[in-house]
Each structure stands twice: as structure tokens, then as C-alpha cells.
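# Structural features, examined
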Amino acid sequence: MGVGIRVENLNAWYGPTHTLKDVSLHIPANRATALIGPSGCGKSTFVRCLNRMHETNPTARAEGTVMMGDLDIYKDAAPVEIRRRIGMVFQRPNPFPTMSIYDNVASGLKLNGFRKRRILDEIVERSLKQAALWEEVKDDLKKKSGASLSGGQQQRLCIARALAVDPEVLLMDEPASALDPVSTSKIEDLIFQLKSQYTIVIVTHNMQQAARVAENTGFFLTGKLVEFAPTHKIFTMPSDKRTEDYITGRFG
Amino acid sequence: MSALPQRSPGSERALRLRRSLTDHLVTVLAVGSTILVLVPLILILGYLLYKGTSSLNLDFFTKIPAPVGESGGGMANSIVGSAVVLTLASLIGIPVGIGAGVYLSEYGRGRMLGNAIRFTADVVNGVPSIVVGISAYAVVVVKQGHFSAFAGGIALSIMMVPTITRTTEEMLATVPLAVREAAYGLGIPKWRTVLSVSLRTASPGIITGCMLAFARAAGETAPLLFTAFGNQFWSWDLRQPIAALPLQIYTYAVSPYDEWHRLAWAGALVLILLIMISVTLVRIFAGRGMLKGGN
């Protein structure tokens, strides 16, 4: 089951650049939450702070409180532990190029020391089914490299890989921006199904996509969260002038 | 289109001719350079085959050198000796080289120690091999009190480490950040990511680097002169002097006897063939079980 995330006064820096300024919001459990905003507005930085990926960059720094359920992820846990519970799907599909499809999906478990073959088999099958990829790859699970799949398949493989470690939250950083419309709609269908079991946060440049998949939407601008509200409200009667300008295409 | 100045049909034709000429000229230059690179290689191999094959027979691979004045004999002990010394050198040089490369690429970026190691590796790479031999002599042979296969292995491993270190570093640098991030995003710790993701993704290039270092070490004579020293007999003791192909070739080549000269040619041929065979075998075995990306 998914778990909610509460963020309070989150600030983030890359070197001297203050990229995220005093962001506070509540991401409800088992819902899809979309984050929109122009390039460089801090939405990617924001999701990378949620699973502490932000700090893998040596110049990066973050301050503030992020609560996952009752767990303060910056105080009570190690980064690797957090990342197992908060999965991530990146903008460009990034399967491990030298691993088979099977090993890609199993990697999160195998590389953390889990070796029980029968259970791994089950998890790989279940994850690939959840990611709607099983039918397309079940015959060459161990024969083909993850990199030999098409772009859309690779992205679903990456989703399966993230699901295999059984996270509670799934962060998706523009998961469909490098894909064609057919693959994009497959990913969106997936998000729809997955949110019954996971809390999903999706960064997107595509406002129709936000409107289609997310219950709540947040609008970021120059490192600040301008507005956070139910999606239909953001798109029909935004309370902030800047939000309205952005969604009506007046800038950005 | 309107932004471009109008050209007369005549100058248009001249321009097209010039482009096509330049294109051909560059192609010819590139092909010519390739041939220039290949010619010495083919000449060396051809000449070795021509000079060496006549002295190759079963004795060459099964017998030890004949005493001065007697004819016949072979280089069996040198072939085995080279294999022993090279195995030792690889056992020391490959792990140390890869380890240092991993440190440079994954941990030592922008640090003093990292820069120091990188600089040292480049300097050692340029040190004449005879100097490496003398260093190994001073450090190992003098301490032990005698020449040994072990000292030869150390000397050759010093020759191997810089190449392996720098190739490992460069190959790891080509692993995309996205691939590492994928591993971090799954909660895989950094050390595991380095071992199972980055090194694995970079392994074809790293293996090539190791093979280059191995092939170079296999042909080195100078570092072995006062370490492995050479031996006219069988020796299985790592603490004793041991024969090696380059040493035996050297001894025979500078000798005054025609038959020894012929044996030296045969030895050189065998050395090159053995290097080619071992490099090919490693490539075949390392390529197994490795899935290649489709795009």
C-alpha cells in the first residue's frame, strides 16, 4: 500500500544556486500527484529531494522536513533505505545495458543480496505484468538485453524494475517525455492502474497528461510552489494569476 | 534560400567539383594512413614466419635449450616460464590496476590523492622498462638475495598497472550518469553500484586495457634481465630464477651461432603467436554471457 508524504519548508541548493525555496505540501497516499511548471522551476529537484537522490550530486544540499508516514526521511533513515521504499522512474529510459530483461527487473533485489531463485522468478513476472510488459518479453527474458527493447518498452521495463523492490511511493520524472504518443498512453494507463497500490508523484511538461492522470496538481515557478490544489480546480479556476498565465499558455 | 547570395551556374559547378575533390582527397589520405599502419605489422609477421617456421618442430616445444656445441634443443622451459611470470604479473597487476582505476573514477575525482595517483600512473607509464627492472631488482632481488620468478612477476606487474589504471578510469567515465542513477534509485549502495553496474557496463573496454597491458608485458625483456634472470633448465620454484621467452630470444640473438639465431627467430614467432592466441581466447571467453545492447 502507498503512504502519504508531508513536506515542510523544503529548500535545496546546487552549489550556490537556490533551486527550491520553502516548499511545503502534502502528497496524499494512493493518489497520483502531478507537478507542472516551466523548465528549471525546481520540480525535478523537488522529486529528487523526496528520495534523497538530490544529494548524490556532490555540490547539492537540501534542508527541511520530509515525512513519509511517520518517518522523517532526512533524520531517521539512510538514503539507500529511503530509495528502496520510494522508487524512481527517470526521464530517459535507463535500463542496465549489459543485463538481460530478467536481471534488469531483479537487479534491485539481487544487488541488495536477495538470491532465492523461485521468489525472484515470481517477482519478475509480477512486476513485468504490473508494468504491462510481460506479454511482449516473456519469451526472451534472459536472452535479450534490456537495451535491445524499444524506447517505450524500456521505460516500462524501468517501471517494472522500480516496482520489483516493492516501494510504497513511485516518483516519475517526466516518464513519457522521450516517448511517442502510443507509448505515452500506455504509461498513462499504467499510472492509472498503479495508483491503487502506490502513491505516485509525476513531473510532467504535458498539462493534458497531468489533467488525465492526477487527482492533485502542483504548479512550480522559479523554485517556489505557487499553487497546489485538486487538478480540476488548477485547470478550471486557478486561484493564482501566475498559474492561470501558465496553463493558458501565456508564458513558459 | 533567399538569404543565400545568388550564384551563376558556372561557379555552382566549380564549387561542386571542388567539394567532390576534397572528399576524395580526404578519403585517400585516410585509407593511405590505414595502410601505412598495417604495413609494418604485416611485414613483421611475414618476416617472422619466413625466418622462424623452418626451426619450429616438436623439439622446440618439448625440450630445454641444448648445451653450447650441441645442436637441437628447444624453448619449452622458456614458454612455461613466460606463462608463470605473466600469470604472477597479471594476478598482481590486474586487481591493483582496476582498483586504482575505480578509485580515480568513482572516489578520487578532484581530490589531491586522486590527482597524485593519476600523475604517478602517467609518469610510470613513461618510465623506460629497464628502469622498472632495476627498481624491482633493488626492492625485491636485493632483499631476497637472489633472482626469482617472483621478482620478474613484480617487475612486469609494475609495467601493467598504469595502462590498466588509466583505461579503467576512462572506461568507467563513459558509463552514463543515468545508468548509475538507476542503481542509486533502487536503493543499491554505491560500492555495489560500482562493482555490479559501472564495472560491468565498462567491462569490454577494461578487458581490452588489460589485454593491451598483458601483451606489452609479455614481450618485455629489460624488466626481466635482473629479476627473473633466465634459466637454461626447468624451474618450478617461484623463488628461483626462471626462463622467459624474451630473455631466451635475447640470449640467442646476441650469440655467435647461426643455429641459435634461427632458434631466436622461431622464439619470436612463437611469442607473437602465443600473445595473439591468449588475447583472442580472453576475448571469446569474456564475450560469453555478455548481452549487447540493441541500439
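Fair warning: this is a prediction, and the values are worked out from it, not measured in the lab. (Residues numbered from 1 in each chain as written. Chains lettered and ligands numbered in written order. Predicted model: local features only at pLDDT ≥ 70, side-chain atom pairs only at ≥ 80, totals over all residues.)

### Quick notes on the overall build of chain B
For chain B, the helix and strand inventory stands at 11 helices and 0 strands. The secondary structure elements of chain B, listed N-terminal to C-terminal, are α-α-α-α-α-α-α-α-α-α-α. By the compact-globule yardstick of 19 Å for 295 residues, chain B is too spread out, its C-alpha radius of gyration being 25 Å. For the C-alpha atoms alone, the extent of chain B along its principal axes is close to 90 × 60 × 35 Å. (Helix = DSSP H or I, 4+ residues; strand = E, 2+ residues; numbered from the N terminus. Rg over C-alpha atoms; globule rule 2.2 N^0.38 Å.)

### Re the overall build of chain A
Helix and strand counts for chain A come out as 10 helices and 10 strands. A compact globule built from 252 residues should have a C-alpha radius of gyration of about 18 Å, and chain A, at 18 Å, falls within 12% of that. The principal-axis extent of the C-alpha atoms belonging to chain A is close to 55 × 40 × 30 Å. Contacts in chain A between residues far apart in sequence, at least 24 positions, make up 70% of those at least 6 positions apart. (Contact = placed C-beta atoms within 7 Å.)

### A look at the confidence of the model for chain B
All names here are of chain B. On average, residues of chain B score 89 in pLDDT, and 95% of them reach the 70 mark or higher. Here helix α2 (residues 58–62) is the element of chain B with the lowest mean pLDDT, 87, and helix α6 (residues 149–173) is the one with the highest, 95. Overall fold confidence for the complex sits at a pTM of 0.83, while the interface term, ipTM, reaches 0.89. (pLDDT = per-residue confidence, 0-100.)

### Observations regarding the pairing of strand β1 (residues 5–14) of chain A
All names here are of chain A. For β1 and strand β2 (residues 17–27), the ladder comprises 7 bridges, and the chain directions are antiparallel. Bridge pairing links Arg 6 to His 26 in β2. Hairpin remark: β1 followed by β2, antiparallel, with 2 residues in the connecting loop; positive phi at Gly 15, about 55°. By the bridge criterion, 8 bridges tie β1 to strand β4 (residues 60–68) in an arrangement that is antiparallel. Following the sheet pairing, Tyr 14 is matched in β4 by Ala 60. (Pairing = 2+ DSSP bridges.)

### Examining the packing of helix α3 (residues 101–110) of chain A against helix α4 (residues 117–130) of chain A
All names here are of chain A. Taken N-terminus to C-terminus, the directions of α3 and α4 make an angle of 110°; their axes are 10 Å apart at the nearest point. Put simply, α3 runs roughly perpendicular to α4. For α3 against α4, the interelement crossing comes out right-handed. Across the interface between the two elements, Tyr 102, Val 105, Ala 106 and Leu 109 of α3 pack against Leu 120, Ile 123, Val 124, Ser 127 and Leu 128 of α4. (Axes fitted to C-alpha atoms, helices over the stretch in contact; angles between N-to-C directions. Parallel < 35°, antiparallel > 145°, perpendicular 65-115°, else oblique. Left-handed = near helix turned anticlockwise from the far one by under 90°.)

### Some details on the interface of chain B and chain A
Taken together, the 21 residues of chain B in the interface contact 26 residues of chain A. For the side of chain B that touches chain A, the secondary structure elements donating two or more residues are α7 (177–185) and α8 (190–218) of chain B. Of all the elements, α7 of chain B adds the most residues to the side of chain B that touches chain A, at 6 residues. Tallied by class, the residues present in the side of chain B that touches chain A amount to 10 nonpolar, 7 polar and 4 charged. (Nonpolar A, V, L, I, M, F, W, Y, C, P; charged D, E, K, R; others polar.)

### Overview of the sheet that holds strand β6 (residues 86–89) of chain A
All names here are of chain A. Spatially, the 6 strands line up as an open sheet ordered β6-β7-β8-β3-β9-β10, and their pairing is mixed. In the strand order of this sheet, the two ends are held by β6 and β10 (224–230), each with one partner. Across the sheet, the mean angle separating the axes of adjacent strands is 20° when strand polarity is ignored. With 5 bridges joining them, strand β7 (residues 169–173) and strand β8 (residues 199–203) adopt parallel strand pairing. Among the inter-strand pairings, Leu 171 is bridged to a residue of β8, identified as Val 201.

### Focus: unusual backbone geometry
In terms of backbone geometry, most residues other than glycine have negative phi values and most peptide bonds are trans. All names here are of chain A. Residues other than glycine seldom take positive phi values, yet Arg 52 does so here, at roughly 60°. With respect to the helices, strands and loops of the structure, Arg 52 is situated in the loop between α1 (43–50) and β4. At Thr 222, a position not held by glycine, the phi torsion is positive, near 40°. Mapped onto the elements of the fold, Thr 222 is located in the loop between β9 (216–221) and β10. We classify Thr 222 as partly exposed; it has 14 C-beta atoms within 10 Å. (Buried ≥ 20, exposed ≤ 12 C-beta atoms within 10 Å, placed from the backbone.)

### A short note on the sheet that holds β4 of chain A
Strand pairing in a sheet takes place through backbone hydrogen bonds and is either antiparallel or parallel in direction. Residue and element names in this part refer to chain A. What the 4 strands build is an open sheet, ordered β2-β1-β4-β5; its pairing is antiparallel. A single partner strand is all that each edge strand has here, and the edge strands are β2 and β5 (71–72). Sheet strands touched by α1: β1, β2 and β4. Its angle to β2, the strand with the most contacts, is close to 65°.

### With respect to the nonpolar core
Residues Val 201 and Ile 202 of chain A are the most contacted members of the largest nonpolar core, which totals 79 residues. Here this core gets 7 residues from one element, more than from any other, and that element is helix α6 (residues 151–164) of chain A. Contact partners of Val 201 of chain A, with chain neighbours within four places excluded, come to Ile 27, Thr 33, Leu 35, Val 47, Leu 50, Val 169, Leu 171 and Met 172 of chain A. Core analysis: the next-biggest nonpolar cluster, separate from the first, contains 63 residues, Ala 136, Phe 147, Met 160 and Ala 218 of chain B among them. (Core = buried A, V, L, I, M, F, W, Y, C linked by C-beta atoms within 7 Å.)

### Some remarks on helix α7 (residues 181–194) of chain A
Residues and elements named next belong to chain A. Here α7 is 14 residues long and its end C-alpha atoms lie 20 Å apart, about the 20 Å a rise of 1.5 Å per residue gives. Of all the positions in α7, only Ile 187, Leu 190, Ile 191 and Leu 194 are classed as buried. Buried positions in α7, seen along its axis, are confined to an arc of 100° and lie on one side of it. α7 presents Pro 181, Val 182 and Gln 193 as exposed residues on the side facing more than 90 degrees away from its buried surface. Structurally, α7 contributes buried residues whose contacts are with β3 (32–36), α4, α6, β7, β8 and α8 (207–213). (Expected span 1.5 Å × (residues − 1). Arc of directions from axis to C-beta.)

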